[in-house]
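Descriptive analysis of the structure
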Amino acid sequence: GTITNPHPHRVGGELFIRNMVMGRRWFEREFPGADLSVLTLNDVIYGHTQLPQMAAKCGYKYYWSTRPQCLADRGIPMQFVWESPDGTQLICAHGQYGSSLATKDYLQGPWDEQAAAFIKTDLLHRVKHSPAGAVWLACGADDIRPLRTHQERPLDTLAFVREWNAREAAPMQFATPLDFFRDVEERRDKLPVIKTPVDAVGWSYWYGQIGNESLRTWRFKVEEQLLAAEKLSTVCSLTFGDAYPQAQLDQLW
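To keep things clear, this report deals only with the structure shown in the data block. (Residues numbered from 1 in each chain as written. Predicted model: local features only at pLDDT ≥ 70, side-chain atom pairs only at ≥ 80, totals over all residues. Heavy atoms only, no water.)

What to know about the overall build of the chain
Quick note on the threshold: Only DSSP runs of H or I with at least four residues qualify as helices, and only runs of E with at least two residues qualify as strands; both kinds are numbered from the N terminus onward. Only protein chains enter the accessibility calculation, which uses a 1.4 Å probe. A residue is then buried if its area is under 20% of the maximum for its type, exposed if over 50%, and partly exposed in between. Between two residues, a contact is recorded if the distance between any of their heavy atoms is within 4.5 Å.
In terms of regular secondary structure, the chain is built from 8 helices and 5 strands. Tracing the chain from N to C terminus, the helices and strands come up as α-β-α-β-β-β-α-α-α-β-α-α-α. Expressed as a percentage of its 253 residues, the buried residues of the chain come to 43%. The long-range fraction of contacts in the chain, counting pairs at least 24 apart against all pairs at least 6 apart in sequence, stands at 70%.

Shown next as C-alpha cells:
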C-alpha cells in the first residue's frame, strides 16, 4: 500500500505520510476493492512510537516489518500490539527479512532428517517468541526469488509443504500477510501491548550511509521545499482565489 519502502528514520514525517497516502491511491486505482489493511515494509526497521497513529489514520490495521531480527531477543515477541502515545493501536508482526525455506539446502534426503533440520533451524526460535501461535516463514523474499535458493537452484518448496502436512500434526499453508494477520487477530488477547519505541534507529554502520553527503539530506530538503510550496499555494488560493494545481504538486511529491 505504499509507493516506496522507506525506513522511518531515513525520511521526514511528512514524506512518510505522503508515501502511504499516495501509495494507497495508486493501489485503489489499479486494484479496485483490494484490502489494504496491512502496512507491509520489508527489510525496514519499525520506527518511532507515533507510527501506529500515522498508519491507522492512513487506513491500516496491521503492520509488518522485518528489521532488526534481534527484536525477540530484546523481549519484543514476533506478534504484539503497538500503542502510540494517543492510544492508537496496531497489531504488528516481525520476522526474517529474507526467505526461510528458500535459503536452505536441507530440503532433500530422508524425511526425518529434513523435518528435524527444519524444526531446529526455522521453527523453534519463532515458536518460542510467537504468542499468537502462528509462525510466519517467508518463502522467497528480499534477495531470494520464490522456489529458489541463494544459488538460484530450483527448490521444490511446494512438495515440502505437501509432505509436511501429510506427516506432521501442525498445519502449514501458503498465506498472504492479510491472511496471517487475520489469524493472529483471533488471538489478540494473547498479545502483549508495547508502548515504547520498537526500533527507531537501525544499526551503527548505517550512519555512514545516511550522512550529509547522502541522499538522506536531499530527501529532507525536498520535503521542506514542497511543504513551503503547498503553504504558499494555500495562501494564494485564500488571498487571490488562485492556487497551484494540486495534481502537479502530488506529482512532485
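This is not the end of the story, as more comes after the structure.
Remarks on the packing of helix α1 (residues 13–30) against helix α7 (residues 215–240)
Quick reminder of the rule: Fitted lines through C-alpha atoms serve as axes, helices being fitted only where they are in contact, and the angles separating the N-to-C directions of these axes extend from 0 to 180 degrees. Here is the rule for angles: anything less than 35 degrees is roughly parallel, anything more than 145 is roughly antiparallel, 65 through 115 is roughly perpendicular, and the remaining ranges are oblique. We call Asp, Glu, Lys and Arg charged. Ala, Val, Leu, Ile, Met, Phe, Trp, Tyr, Cys and Pro are nonpolar, and the rest, Gly among them, are polar.
At their nearest, the axes of α1 and α7 sit 9 Å apart, and the two run at 75 degrees to each other. Regarding the angle of α1 to α7, the classification is roughly perpendicular. On the side of α1, the interface is formed by Gly-13, Glu-14, Leu-15 and Arg-18, while α7 contributes Arg-219, Glu-223, Leu-227 and Glu-230. Considered class by class, the residues forming the contact of α1 with α7 number 2 nonpolar, 1 polar and 5 charged.

Some remarks on the pairing of strand β1 (residues 38–45)
For a regular strand, the rule is simple: side chains alternate between the two faces of the sheet. For clarity, the cut-off: Strands are treated as partners if at least two bridges between them are detected by DSSP. By definition, the crossover connecting two strands over a helix is right-handed if that path, from the first strand to the second, turns clockwise as seen with the strands pointing away from the viewer.
Bridge count for β1 against strand β2 (residues 62–67) is 5 bridges, and the pairing is parallel. Bridged to Leu-39 within β2 is Tyr-63. Each parallel crossover has a hand, and for β1 linked through helix α2 (residues 51–57) to β2 it is right-handed.

Quick word on the nonpolar core
For clarity, the cut-off: For this analysis, a nonpolar core means a set of buried residues of the types Ala, Val, Leu, Ile, Met, Phe, Trp, Tyr and Cys, connected via side-chain atoms within 4.5 Å.
Leu-39, Tyr-46, Tyr-63, Phe-80, Trp-82 and Val-198 are the most contacted members of the largest nonpolar core, which totals 25 residues. For this core, the elements supplying multiple residues, two or more each, are α1, β1, α2, β3 (79–83) and β4 (89–94). Looking at which element gives the most residues to this core, the answer is α1, with 4 residues. Core analysis: the next-biggest nonpolar cluster, separate from the first, contains 15 residues, Val-81, Ala-132, Trp-136 and Val-184 among them.

Focus: the environment of Pro-245
By secondary structure assignment, the location of Pro-245 is in the loop between α7 and α8 (246–252). Distance in space between the C-alpha atoms of Pro-245 and Ser-233 is 8.6 Å, their sequence separation being 12 residues.

Some remarks on the side chain of Arg-18
Mapped onto the elements of the fold, Arg-18 is located in helix α1. Beyond its immediate chain neighbours, meaning those up to four positions away, Arg-18 contacts Gly-23, Leu-227, Glu-230, Gln-246, Asp-250 and Trp-253.

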